[in-house]
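# Fold and contact review
Below, each chain spelled out in residue letters.
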Amino acid sequence: MKNPLLFRLHELQASEIYNHIPELVSGSNVPALTFRKYVSSRPERFYSQAAFSALHEALLDIENNYAKELRLYVANRSEEIDNAFLHAKEINAQEWHDREVKAGDDYRSLILIDRDMHPAYLRLVEAVFQPLLHLVAYFSRLSSGKGTDGLNLYNIVAELPDEPFAKVKLSYVHLMRNGIAHGGVKYSSNEIIYRDSKGKEATFKSYDVVRKFDDFLDTCNGLLLAYSVFALTRLGNEGLVPQNLMVEEIRAESQTPYWEVNGILPSTILGGKSQLIVYCDAKTMDEDKIRFSTFQTAVLAEGAAPGFDRYFISMRGPNGLPGMASFHGNELAAHRLKEHSIEQYTDVIQDYLPMFAATRRMFRWQKKVNTLKFVLAVGWPVALADYRSHTGRPQMIVRSASIHRNGWGAVLNADVVIESDNAPVNQDIVRRYSRTIIRQARKIARREQSWFSVVKYLPLGFAQMNVFCKDYRARRLSGFGLGEDLVGTIRLQRIRRIKSPDISGSTIELRRGLRFAWNRNWLERE
């Protein structure tokens, strides 16, 4: 069941997802929007492609040889696999993943590592990394005729084959995990020492620890994506799909600015019948919108988790009051299997009582105005995508921008990612949109200044844009080096006394008052 107002937007998003994750095409009726965060959200979009490919190939191989044993394994360890998605979701939601770590700010880096990264690293190891890779190690031992008992974390990593799990194993530092778990961590001004229970030590610079955590989180997200793609593309996937993945599936299809699915819980009602409770937040008092979203959520819930006798929608309104609706599971399943149109679902509603909506009724003109605002909000991304598609205009993402005063003018520095859907980023694209890149960076930098700040109104005297063709975390971009994803720099210089060196080994080009320094590694890459 689709929301007609969101149909075009969801179609556009699904197309983008299929382009980024081609393995989804093999699935029948795959809910592509479930994977949207791996394309558009940070840090999920930085997932490790090596980890994804390694686990996805391993799961396909296991299914070919041990299909029945795999389903039995997942059934016995369903809680652990489900919790892996829950823990990863909570860690990915933290705001510090895209925070810059500046050189020389060692104390703040140590606070970030000790307070946030160390607990998250241990949690990822125990709740995500170990459960997902235990599956591979278990069937590796089963295929070689070895016993499957005693598979602790160390043995799991040792059991993984170097091909294709070499990069997965490299992202995990066992001594770091043991040091964090057993309190063997010692801090100094510019380095961290990890010591395990046997007295072994490993020493890392603070920025190395940050990088190792980021790489490990990307590995875990790649593993979760691999399991999600595998589970949702299997025909008859009942039992393979974790509960938290079902929530993501229902939320992705039903979410609007006024409706959000928060979670699901199975339960038993009178007569021993099964019930699935879907918890939702309603952020509007428009009864028509509430009724449609309630109905849509029930249909989606039955499709994602079939087999329950009743589907119960528990709502919480904007005024804090509750609401509820219940639907007959057998009738929902019958209509879905017969592929009936939504007009034929007349017999599925059991109870409907959104109590919060009765406290304040909206006028008809208010409903129309809110609907118009909603249509404009969801239509703008579609119109923008169509415009870029027809004109070949790339997407320019300003990842960080700072501005300060120097004499009569403003000095602007920014990291900008340029992405093109129609063709790979080349020199012509960068040249053509160089002024646009500078304008967008200046706009964002000025927006962060106070209205009373002089620098907000000064003319631009100097600008240096670091241009990338692939997105990374902001802290990675600020110290990126000369990797092949650095396109080069664009410099606008009107204040002559400012001296700034070009990147090493670059090809210099002067064009229309701008200085381009093309990164040699980007120019020479295949």
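Remember, it's a predicted structure, so these values are computed and weren't measured experimentally.

### Structural notes on helix H8 (residues 162-171)
Among all positions in H8, only Phe-165, Val-168, Lys-169 and Ser-171 are buried. The arc that holds every buried residue of H8, seen down its axis, measures 150°, which confines them to one face. H8 presents Asp-162, Glu-163, Lys-167 and Leu-170 as exposed residues on the side facing more than 90 degrees away from its buried surface. Turning to H8, the residues buried within the fold contact helix H3 (49-65), helix H6 (106-143), helix H7 (153-159) and helix H10 (206-232).

### Description of the pattern of salt bridges
Applying the stated criterion across every chain yields a total of 29 salt bridges. Between Arg-431 and Asp-428 there is a salt bridge, with the nearest N and O atoms lying 2.8 Å from each other. Within this pair, Arg-431 and its partner Asp-428 are both found in helix H15 (residues 427-432), separated by 3 residues, close to a single helical turn. Among the residues examined, Asp-428 registers a relative accessible area of 46% and is labelled partly exposed.

### Let's talk about the packing of aromatic side chains
Remark: the centre distance and the inter-plane angle together describe each pair of aromatic rings, the angle taken between the planes. One pass over the structure, following the stated rule, counts 20 aromatic pairs. For the pair Tyr-138 and Phe-139, a centre-to-centre distance of 5.1 Å together with 80° between the ring planes defines the contact as edge-to-face. Residue classification places Tyr-138 among the partly exposed residues on the basis of a relative accessible area of 23%. Residue classification places Phe-139 among the buried residues on the basis of a relative accessible area of 2%. Among the aromatic residues, those joined into a ring-pair cluster are Tyr-66, Tyr-73, Tyr-138 and Phe-139. Looking at Lys-289, its charged tip hangs above the ring of Tyr-258, at a distance of 6.0 Å from the centre.

Procedures and definitions
- Residues numbered from 1 in each chain as written.
- Predicted model: local features only at pLDDT ≥ 70, side-chain atom pairs only at ≥ 80, totals over all residues.
- Heavy atoms only, no water.
- Buried < 20%, exposed > 50% of the residue type's maximum accessible area, 1.4 Å probe, protein only.
- Helix = DSSP H or I, 4+ residues; strand = E, 2+ residues; numbered from the N terminus.
- Arc of directions from axis to C-beta.
- Contact = heavy atoms within 4.5 Å.
- Salt bridge = Lys/Arg side-chain N within 4 Å of Asp/Glu carboxyl O.
- Phe/Tyr/Trp six-rings, centres within 6.5 Å; stacked < 30°, edge-to-face > 60°.
- Lys NZ or Arg CZ within 6 Å of the ring centre and 35° of its normal.

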